[in-house]
Amino acid sequence: MRVVGVERSGESSGPSTTLLHIEMWQRYRHAVGYSDPFYQGVEQGVLRATRCGGCGGSWFPPRRYCDADLEQTQWYDLPGSGRVVSATRVHSPPPFGGVEAPYVLASIRLDGVEGGITHRVLGDEVPEKGAVVIVRFVEGVPAHPLLRVAFAVDRAAT
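Residues numbered from 1 in each chain as written. Predicted model: local features only at pLDDT ≥ 70, side-chain atom pairs only at ≥ 80, totals over all residues. Heavy atoms only, no water.

Colleague: Looking at this model, I keep getting lost on the state of the cysteines. Mind explaining?
Modeller: What is meant by a disulfide is a covalent connection between two cysteines, made through their sulfur atoms. Under the criterion given, the structure shown has 0 disulfides. Left unpaired, Cys 66 is separated from the closest cysteine sulfur, that of Cys 55, by 3.6 Å. (Disulfide = S-S within 2.5 Å.)

Dropping the structure here:
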């Protein structure tokens, strides 16, 4: 923790007040457990989902157990494409940082899985419902590993 600024304010009819601008941060380690193959996939440029060997149900985000028959799921790679269900432009930065506002956020139904993700779409244009998007992995060290994942509209498919 450190003080990064001092502000003094005062009302003409009352006492002055000193406000300290304090910057705080935390550093911690977090084990991802069963989700480790997902995070390794993100590092390798691959989206991974899980599938039940019994009923064939599939999930993204991944699940460890099938909710229908309680079998442990198996990992598999997704093709990295999908279709926009809905999208909007967001004008405030996310609380965890790492993305400049404004940015485009879309609900995406991913190919190869019974599920999807609400995530960032690169560019300034808000894609239409049904637009084909493909995953892009952003270089660098993001504020969170999921910020390495973004999507781009596949102009060749639309």
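Colleague: Explanation requested: a nonpolar patch on the surface in the structure shown.
Modeller: There is a patch of nonpolar side chains on the surface, built from Met 1, Val 3, Val 6, Leu 20, Ile 22 and Met 24 and spanning about 650 Å² of accessible area. Of all the elements in the fold, those that place two or more residues in the nonpolar patch are β1 (2-10) and β2 (16-23). Summarising the element assignment, Val 6 is placed in strand β1. Of the residues examined, Val 6 reaches a relative accessible area of 47% and is grouped as partly exposed. (Patch = residues over 30% accessible without salt bridge, like charges linked within 9 Å, V, L, I, M, F, W, Y side chains within 5 Å. Areas by Shrake-Rupley, 256 points an atom, 1.4 Å probe, with all protein chains shown as cover. Salt bridge = Lys/Arg side-chain N within 4 Å of Asp/Glu carboxyl O. Helix = DSSP H or I, 4+ residues; strand = E, 2+ residues; numbered from the N terminus. Buried < 20%, exposed > 50% of the residue type's maximum accessible area, 1.4 Å probe, protein only.)

Colleague: Got a minute to help me understand the sheet that holds strand β4 (residues 58-59) in this structure?
Modeller: Hydrogen bonds between backbone groups are what pair the strands of a sheet, and the pairing can be parallel or antiparallel. One open sheet accounts for 3 strands, arranged β4-β3-β5; its pairing is antiparallel. The outermost strands of the open sheet, each flanked by one partner alone, are β4 and β5 (74-77). Of the pairings in the sheet, the one linking strand β3 (residues 48-51) to β5 comprises 4 bridges and is antiparallel in character. The residue bridging Ala 49 from the neighbouring strand is Tyr 76, located in β5. Contacting β3 and β5, helix α1 (residues 36-44) runs over the sheet at an angle of about 150° to β3. (Pairing = 2+ DSSP bridges. Contact = heavy atoms within 4.5 Å. Axes fitted to C-alpha atoms, helices over the stretch in contact; angles between N-to-C directions.)

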